Amino acid sequence: MPSRDVPPGYTPLLEKTVAGFLARHPETFDILGPDPDRWRAREVGDGNLNLVFIVQSDDGRSLVVKQALPYVRLVGDSWPLPLSRSYFERRALQLQSEVADRFLPKVYFYDETAAAIVMEYLHPHVVLRKGFVRGIRYPRLAEDLGAFLAQTLFGTSDLALPAPRKRAQVSFFSGNAELCRLTEDFVFTDPYRIAALNRWTTPHLDDLAAELRADAELKVCSQRFKWLFLNHTEALVHGDLHTGSIMATPEDTRVIDPEFAFYGPMGFDLGAVLGNFYLAYFAQEGHEQRSHERHEYREWLLATAEQVWGTFTSGFLRLWQENATGDGYPAELFSDPVARQALEKERVVFMRRLLGDALGFAGMKMLRRIFGVAHVEDLESIEDPDRRAHCERKAVRLGRELVVNARAWLSLADVNVRARELS
Ligand code: ADP
Ligand code: SR1
Ligand code: MG
C-alpha cells in the first residue's frame with residue numbers, strides 16, 4: 001500500500017519540467033521520439049483535483065501526463081489529499097481494462113513517486129459535458145456507455161469473480177478511503193446541512209436550500225443511499241462517473257479519471273451517468289438563443305439516457321447468462337430447467353432493485369451539483385442567474401423525486417415523462 005505522505009522525490013510538474021520528467025522514462029522515446037527538445041507540454045487540467053499536461057512532439061506524436069497534487073486543487077493547499085489516489089486510479093484502469101479495454105485511454109506507464117499516469121492523448125475527443133453544452137449528438141454514446149457499465153460492473157462483481165479475488169480487491173480499494181470521504185461529505189451530507197463550502201445561485205435558490213435542510217423525508221432517503229455507498233461492496237465502481245469523466249467523438253467513447261474507484265454499489269456509477277444526463281437536460285433551456293431551439297436536442301438527451309439503461313441491462317444480463325464464473329449465484333446451482341426459470345425471475349428482481357439504486361443516486365448527484373461545493377458547467381455556463389436558477393429549480397424537483405421515490409419508478413421512460421412535465 002502506498003504511503004499517504006508526500007514522498008521525498010515528489011515535486012509538482014510545470015509545463016517547462018514535464019519534458020525532463022518524461023526523458024527520465026525510456027518508454028517515452030518510443031511514444032514521442034528521441035529528442036526531448038522537440039516535445040512541448042501544456043497544462044489543460046480543468047478538473048477539481050489534478051494537473052493534466054498534453055505533451056506533443058513537433059511531428060504530431062502525443063501523450064498525456066496526469067499528476068496528482070497533494071491537495072484539492074479546487075479548494076487550495078489548505079485541503080490536503082493523498083497522492084495515493086493516483087495509484088488507485090492506475091489500478092482501477094488496469095482492472096477496468098481487463099473487461100472493458102476499448103472504452104479506456106491506453107496507459108503507457110506509471111510513476112509512483114511522481115504520482116503520475118502517462119497515457120494516450122484522446123483527440124479529437126471532447127469532454128462529454130462540454131459536448132452537451134454545445135448541443136453535439138453522439139450516435140454511439142448510449143451503446144458504448146451501456147456496454148462499459150455492464151462490462152465493468154459485472155466483471156468486477158461476485159457474479160464474475162471467485163470470492164477470494166473479489167475480497168482482495170475490496171480490501172485493496174478500501175485504502176482509497178479519503179477519496180470516498182470526499183464523496184461521503186460532498187454528495188451525501190453537505191447539501192443537507194450548513195457547510196462552509198456549499199454554494200448555490202443566490203438569492204434565487206435560498207428558499208430551496210433552506211427547504212432541503214429542513215426536508216426530513218429527503219434527509220432520511222438520502223441517508224439510505226449513503227448507507228448503500230458505505231456498505232454495499234458490489235463491484236469496482238468508477239466512483240465519479242459524471243459527464244466530465246467521459247470523452248467522446250461521434251465514433252468513439254472513452255471513460256477517464258477513475259481516481260475515486262472503490263468497491264461500492266453498482267447503482268452509484270449508473271446514477272452518476274443518469275443524473276448528469278438529467279442535469280444536461282434541464283440546462284438546455286438556459287443555452288437557447290431562441291425559444292425552443294434546443295427542444296430536439298433535449299429529447300435526444302432523454303432518449304440517450306433511456307438507451308444507456310437499456311444497453312446496460314441487456315449487456316449485464318447477457319454476461320450473467322453466459323459468463324457467470326463467480327461465487328455469487330453459482331451457475332452449477334441453476335442447471336435444471338426449474339432452477340433456471342427461478343433464476344430468470346431473480347434476475348428481473350435484481351435489475352429492478354438496481355434501477356431504484358441508480359435513480360436514488362442520480363437524484364443525489366443532481367442535488368449536490370446545485371447546492372454543494374462542486375458545480376457543473378452545464379448550469380454554471382448559463383450566465384444570467386435568473387435563467388440559471390429557473391433551470392436549476394426544475395432539476396432540483398426531479399432530483400428530489402428521484403431520491404424520495406427511488407423504488408417507485410418502473411422505467412427510465414417514466415422518469416423521462418416526469419422530466420418533460422417539469423420542463
Ligand atoms: P481531475 O481528476 O482533476 O478531474 P481529469 O482526469 O478529469 O482530472 O482530467 C482533467 C481534464 O484533462 C479533462 O477534463 C480533459 O480535458 C483532460 N484530459 C484528461 N485525460 C485526458 C486524456 N487522456 N486525453 C485528453 N485529455 C485528457
Ligand atoms: C473538491 S472535489 C469535488 C468533486 O470533484 C470530483 O470530480 C468529485 O466529483 C468530487 O466530489
Ligand atoms: Mg475529473
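Throughout what follows, the structure given in this document is the object of discussion. (Residues numbered from 1 in each chain as written. Chains lettered and ligands numbered in written order. Predicted model: local features only at pLDDT ≥ 70, side-chain atom pairs only at ≥ 80, totals over all residues. Heavy atoms only, no water.)

Let's talk about the overall build of the protein chain
Okay, so step 1: Counting secondary structure elements, the protein chain contains 15 helices and 12 strands.
Okay, so step 2: The C-alpha radius of gyration of the protein chain comes to 22 Å, within 12% of the 22 Å expected for a compact globule of 423 residues.
Okay, so step 3: In terms of overall dimensions, the protein chain has a C-alpha envelope of 60 × 60 × 40 Å along the principal axes.
Okay, so step 4: Counting the 423 residues in the protein chain, one finds 58% classified as buried. (Helix = DSSP H or I, 4+ residues; strand = E, 2+ residues; numbered from the N terminus. Rg over C-alpha atoms; globule rule 2.2 N^0.38 Å. Buried < 20%, exposed > 50% of the residue type's maximum accessible area, 1.4 Å probe, protein only.)

Overview of the sheet that holds strand β11 (residues 252-255)
Okay, so step 1: Read across the sheet, 3 strands follow the order β8-β10-β11 without closing on themselves; strand pairing throughout is antiparallel. The open sheet terminates on both sides in strands that have one partner only, identified here as β8 (126-127) and β11.
Okay, so step 2: As judged from the 4 bridges shared by strand β10 (residues 246-249) and β11, these two strands associate in the antiparallel manner. Paired with I246 across the bridge in β11 is V255.
Okay, so step 3: Relative to the sheet, helix α5 (residues 141-155) contacts β10 and β11, its axis offset from that of β11 by approximately 35°. (Pairing = 2+ DSSP bridges. Contact = heavy atoms within 4.5 Å. Axes fitted to C-alpha atoms, helices over the stretch in contact; angles between N-to-C directions.)

Observations concerning the site of ligand 1
Okay, so step 1: Lining the immediate surroundings of ligand 1 are 17 residues, of which D46, N50, K66, D257 and E259 lie closest.
Okay, so step 2: Within the side chain of N50, an N or O atom sits 2.6 Å from an oxygen atom of ligand 1.
Okay, so step 3: In this structure, D257 approaches ligand 1 through a side-chain N or O atom, which is 2.9 Å from an oxygen atom.
Okay, so step 4: Its free accessible area being 550 Å², ligand 1 has 93% of it covered by the protein chains.
Okay, so step 5: Counted by class, the shell around ligand 1 contains 9 nonpolar, 3 polar and 5 charged residues. (Near = heavy atom within 4 Å. Polar contact = N/O pair within 3.5 Å; in protein donor to acceptor, adjacent residues only side chain to side chain. Areas by Shrake-Rupley, 256 points an atom, 1.4 Å probe, with all protein chains shown as cover. Nonpolar A, V, L, I, M, F, W, Y, C, P; charged D, E, K, R; others polar.)

Let's talk about the pairing of strand β3 (residues 62-68)
Okay, so step 1: Across the 7 residues that make up β3, a large majority, 7, are buried.
Okay, so step 2: Side-chain alternation along β3 places S62, V64, K66 and A68 on one buried face and L63, V65 and Q67 on a second face that is also buried.
Okay, so step 3: Across 7 bridges, the pairing between strand β2 (residues 50-57) and β3 is antiparallel. Following the sheet pairing, L51 is matched in β3 by Q67.

Things to note about the sheet that holds β3
Hydrogen bonds between backbone atoms are what pair the strands of a sheet, whose relative direction is either parallel or antiparallel.
Okay, so step 1: The 5 strands are arranged β1-β2-β3-β7-β6 in an open sheet whose pairing can be described as antiparallel. This sheet does not close on itself; its edge strands, each paired only once, are β1 (39-43) and β6 (107-111). On average, each strand axis in the sheet is inclined to that of its neighbour by 20°, with strand direction left out of account.

Points about the site of ligand 2
Okay, so step 1: Taken together, the neighbourhood of ligand 2 is formed by N48, L49, V72, L74, F186, D240, H242, F260, R368, R369 and A374.
Okay, so step 2: Within the side chain of R368, one N or O atom sits 2.6 Å away from an oxygen atom of ligand 2.
Okay, so step 3: Within the contact set of ligand 2, an oxygen atom lies 3.4 Å away from a side-chain nitrogen or oxygen of R369.
Okay, so step 4: A per-class count over the shell around ligand 2 returns 6 nonpolar, 2 polar and 3 charged.

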